[in-house]
Amino acid sequence: MVELWLPYGRTEVAVRVPVENFLGVVDFEETEAASDPYAEVSRALENPIGDSRLENLVEAGKKVAIVVEDETMSIQNKVMLTSLLKELNSLGVNDRDITIIVGCSLDEPASPEKFGLLFGEDIVNRIRIINHDRGVRNLSYVGKTTSKTDVYVNKVFAETDLRILTGRMRFHSYAGYSGGRMGVLPAISGKPTIQHNSAFLIDPRAAVGNISGNPVHADMMEAAHLADVHFILNVVTNTEGNIIRAFAGDPNRAFLEGVRFMDSIYKVLVEKAADIAIVSPGGYLKDVNLYEACEAVDNILGIVREGGIVVLVAECPEGYGNRVFYDWMKTFQSVKEVEREIKKNFVLGGEGAYHLMKALGKVKIIIVSVMPEYYVRDVFRLRTAKNVNVALDSAFKTIGKKSRVLVVPRGSVTLPILQA
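As the structure is a prediction and not an experimental result, all values here were calculated from the model. Going along each chain's sequence as written, the residues are numbered from 1 onward. Residues qualify for local features only when their pLDDT is at least 70, as the model is predicted, and side-chain atom pairs are given and counted only at 80 or more; totals for whole chains, interfaces and linings, by contrast, use all residues. Derived side-chain values reflect all non-hydrogen atoms in the structure, with water molecules and hydrogen atoms excluded from consideration.

1. Looking at unusual backbone geometry
Glycine aside, a negative phi is what most residues show, and trans is what most peptide bonds show. The step from L185 to P186 runs through a cis peptide bond, and the omega angle for that step is 20°. With respect to the helices and strands, the residue P186 is situated in the loop between β11 (176–177) and α7 (191–198). If you check the backbone angles, K148 has positive phi at about 70° while not being a glycine. Helix and strand assignments follow DSSP, with helices taken as H or I runs no shorter than four residues and strands as E runs no shorter than two, numbered in order from the N terminus. Here K148 lies in the loop between β7 (139–144) and β8 (150–154). Phi is positive for C316, which is not a glycine, with a value near 55°.

Now the structure itself:
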């Protein structure tokens, strides 16, 4: 037997796989974080990628808008903003001429009371900080993309002299990657803009870790161009959320450099497809609820054969996690129904139902979690098992004792790629 330990909430669980069935572990080598994250961000700002240099873009008296993609990355926000503000100040920009805009896409905006926790009291006391407001009066129309998306963006951002995006780069289920252009769409866009763009997520090229021919990505890039973004600052982090490397400069080139760097770490080549894949999202917070945990399933589907089984090892102490995800799984019975709803009225969380239904069209999923069996089975259409070894035994009984098994211990941040 091969015994392996998988992250499960704040602890670990052991799985035992017969040697004759074991294909291997799909994982990446952890990259050491920058010893001084502030110095790393400053390095990127002082050595930008492409022709966009802050020293050529700013001057005293110019108004500056800095977009923070969302409120979920407080540590990285503090580092990026502290270094960025220091650089802008050194170039003659006064604090009173800077506005930080907190993006919220289709989520609820951050409460102003949270700003101190998100950015640090020093920044809150110095700089004007506002939430993006999707109200029509607070938006400016900047044009239409070739995909016929009418692009409405935050009015403060549109009317500012220098427009900067910040963000953390991660794999994204249908945009390919977060970061870069997502600081405009969806972060500071109007609801019609977001909904029209999100309708493209049903295209098979709108996939995790892919931007080639991806219509969601292409539309986002055009929106950022129409919004006339001058400069971006993105960071790539390790599994602990610590900054490994920063990328700054030209909105297109800096983003693509970040993509290449991410791929070099988190994309892992796999020689053979598995009959059974045992995947953990990576423990807390990645398996705090089913909505989050299902990202790991989406990431590893490409290395499981049609008709195979995925064993999802995810504690999910907060249950399903997203009400729209729950409602759509309960309401809609097929992928086609979900596709129609996405085109008509996309709501954040609906993409979770879409991807889970698509996954269930390819594989069976057995989940090991603390969620009540009745709604895991009846609403989310998953099988359950009391522990991972019981789940593996059930999988062998279902599709055969000679089934080949791959184990993915950090599925939410690993993107396995099956070799052609």
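2. Brief notes about the environment of Y38
Considering the arrangement of structural elements, one finds Y38 in helix α1 (residues 37–46). Taking the C-alpha atoms as reference points, Y38 and M80, separated by 42 residues in sequence, lie 7.5 Å from one another. Contact between two residues is taken to exist if any of their heavy atoms lie within 4.5 Å; hydrogens are not considered. Y38 has contacts with K78, V79, T82 and S83, leaving out every residue within four places of it along the chain.

3. Structural notes on α7
Buried within α7 we find T193, I194, Q195, N197 and S198. Those residues of α7 that are buried are in contact with β8, α8 (215–226) and α12 (335–345). Burial classes: relative accessible area under 20% of the type maximum marks a residue as buried, over 50% as exposed, and values in between as partly exposed (1.4 Å probe, protein chains only).

4. Observations regarding the sheet that holds strand β17 (residues 364–368)
Pairing in this open sheet of six strands is parallel, and the strands run β3-β19-β15-β16-β17-β18 from one edge to the other. Sheet topology places β3 (22–25) and β18 (383–384) at the edges, where each strand pairs with a single neighbour. Between the N-to-C directions of two axes lies an angle of 0 to 180 degrees, each axis being a line fitted to C-alpha atoms and, for a helix, fitted only over the stretch in contact. Helix α10 (residues 290–300) rests against β15 (274–279), β16 (304–313), β17 and β19 (405–408) of the sheet, and its axis sits at about 145° to β16. Across the sheet, helix α13 (residues 350–362) touches β16 and β17, and the angle it forms with β16 is around 125°. Pairing between two strands is assigned when DSSP locates at least 2 bridges connecting them.

5. Some thoughts on the sheet that holds strand β4 (residues 64–68)
Sheet architecture is open: six strands sit in the order β6-β5-β4-β9-β12-β13, paired in mixed fashion. Of all strands in the sheet, those bounded by a partner on one side alone are β6 (128–131) and β13 (243–249). Strand after strand, the sheet turns through a mean of 20° between neighbouring axes, direction not considered. Where β4 meets strand β5 (residues 98–102), five bridges bridge the pair, whose relative direction is parallel. Paired with V64 across the strands is I98, a residue of β5.

6. Some remarks on the packing of aromatic side chains
Side-chain rings of Phe, Tyr and Trp, where Trp is taken by its six-membered ring, are said to pair if the distance between their centres is within 6.5 Å; with planes under 30 degrees apart they count as stacked, over 60 as edge-to-face, and otherwise as tilted. Taken as a whole and judged by the stated rule, the model has 15 aromatic pairs. Ring geometry for F115 against F119: centres 5.9 Å apart, planes inclined by 40°, an arrangement best described as tilted. Note that F115 and F119 are positioned in helix α4 (residues 115–119) at a spacing of four residues, about one turn of the helix. With a centroid separation of 6.4 Å and 85° between ring planes, the pair formed by Y326 and Y375 is classed as edge-to-face. Of this pair, Y326 sits in helix α11 (residues 323–331) while Y375 sits in helix α14 (residues 373–378), and the two are 49 residues apart along the sequence. Residue classification places Y375 among the buried positions, given a relative accessible area of 12%. Pairwise contacts between aromatic rings join Y291, Y320, F325, Y326, Y374, Y375 and F380 into one cluster. Geometrically, a charge over a ring is one whose NZ (Lys) or CZ (Arg) sits within 6 Å of the ring centre while staying within 35 degrees of the ring normal. Lying across the ring of Y284, R10 places its NZ or CZ 3.8 Å from the centre. Taking the ring centre of F28 as reference, the NZ or CZ of R410 above it sits at 4.0 Å.

7. Points about the side chain of S189
Residue placement: S189 occurs in the loop between β11 and α7. Two N or O atoms form a polar contact when they lie within 3.5 Å of each other; inside protein one atom must be a possible hydrogen donor and the other a possible acceptor, and for residues adjacent in sequence the pair counts only when both atoms belong to side chains. At a separation of 2.7 Å, a polar atom in the side chain of S189 contacts the main-chain carbonyl oxygen of V184. Apart from residues lying up to four places away in sequence, S189 is in contact with H132, R134, L139, Y152, V153, V184 and I194.

8. Notes on the side chain of R410
In this fold, R410 is placed in the loop between β19 and β20 (415–418). In this structure the side chain of R410 is engaged in a polar contact, spanning 2.9 Å, whose partner is the backbone oxygen of F28.

9. Describing the state of the cysteines
Two cysteines form a disulfide when their sulfur atoms are joined by a covalent bond. Only a pair of cysteine sulfur atoms within 2.5 Å counts as a disulfide in this structure description. Scanning the model with the defined rule gives zero disulfides in all. Unpaired in terms of disulfides, C294 finds its nearest cysteine sulfur in C316, a separation of 7.6 Å.

10. Side note on α12
Every buried residue of α12 is accounted for by V338, E339, E341 and I342. What you see down the axis of α12 is that its buried residues fit within an arc of 165°, all on one side. For α12, the exposed residues lying more than 90 degrees away from the buried face are K336, R340, K343 and K344. Each element contacted by the buried residues of α12 is listed here: α7, α11 and α13. The arc in question is traced by the directions running from the helix axis to the C-beta atoms.

11. Description of the nonpolar core
F157, V184, L290, L312, F325, I365 and F380 are the most contacted members of the largest nonpolar core, which totals 88 residues. Residues belong to one nonpolar core when they are buried, are Ala, Val, Leu, Ile, Met, Phe, Trp, Tyr or Cys, and are joined through side-chain atoms within 4.5 Å. Grouped together as the second largest cluster of nonpolar side chains are 32 residues, L84, V93, L233 and A248 included.

12. Description of the pattern of salt bridges
A side-chain nitrogen of Lys or Arg and a carboxyl oxygen of Asp or Glu constitute a salt bridge if their distance falls within 4 Å. Counted by the stated rule, this structure contains 20 salt bridges. Across the pair R410 and D27 runs a salt bridge whose closest N-O atoms are separated by 3.0 Å. Linking R410 in the loop between β19 and β20 with D27 in the loop between β3 and α1, this pair joins segments that are 383 residues apart in sequence. The buried category is assigned to R410, whose relative accessible area is 17%. The salt bridge involving K267 is made with D263; its shortest N-O contact spans 3.6 Å. Overall, K267 belongs to the partly exposed group, its relative accessible area being 28%.

13. Regarding the packing of α11 against α13
A pair of packed helices is characterised by two quantities: the angle between their axes and the separation of those axes. Contact pair α11 / α13: the axes reach a minimum separation of 7 Å and the direction vectors enclose 50°. Overall, the two elements α11 and α13 adopt an arrangement that is oblique. Crossing handedness for the pair α11 and α13: right-handed. Packed against α11, whose contacting residues are V324, F325, W328 and M329, the element α13 presents G350, G352, A353, L356 and M357 at the interface. Just so you know the grouping, Ala, Val, Leu, Ile, Met, Phe, Trp, Tyr, Cys and Pro go in nonpolar, Asp, Glu, Lys and Arg go in charged, and all remaining residues, Gly too, go in polar. In terms of residue class, the contact of α11 with α13 is made up of seven nonpolar, two polar and no charged. Note that the term roughly parallel is reserved for angles under 35 degrees, roughly antiparallel for angles over 145, roughly perpendicular for angles of 65 to 115, and oblique for everything else. Should the near helix be turned counterclockwise from the far one by less than a right angle, the crossing is left-handed, whereas a clockwise turn marks it as right-handed.

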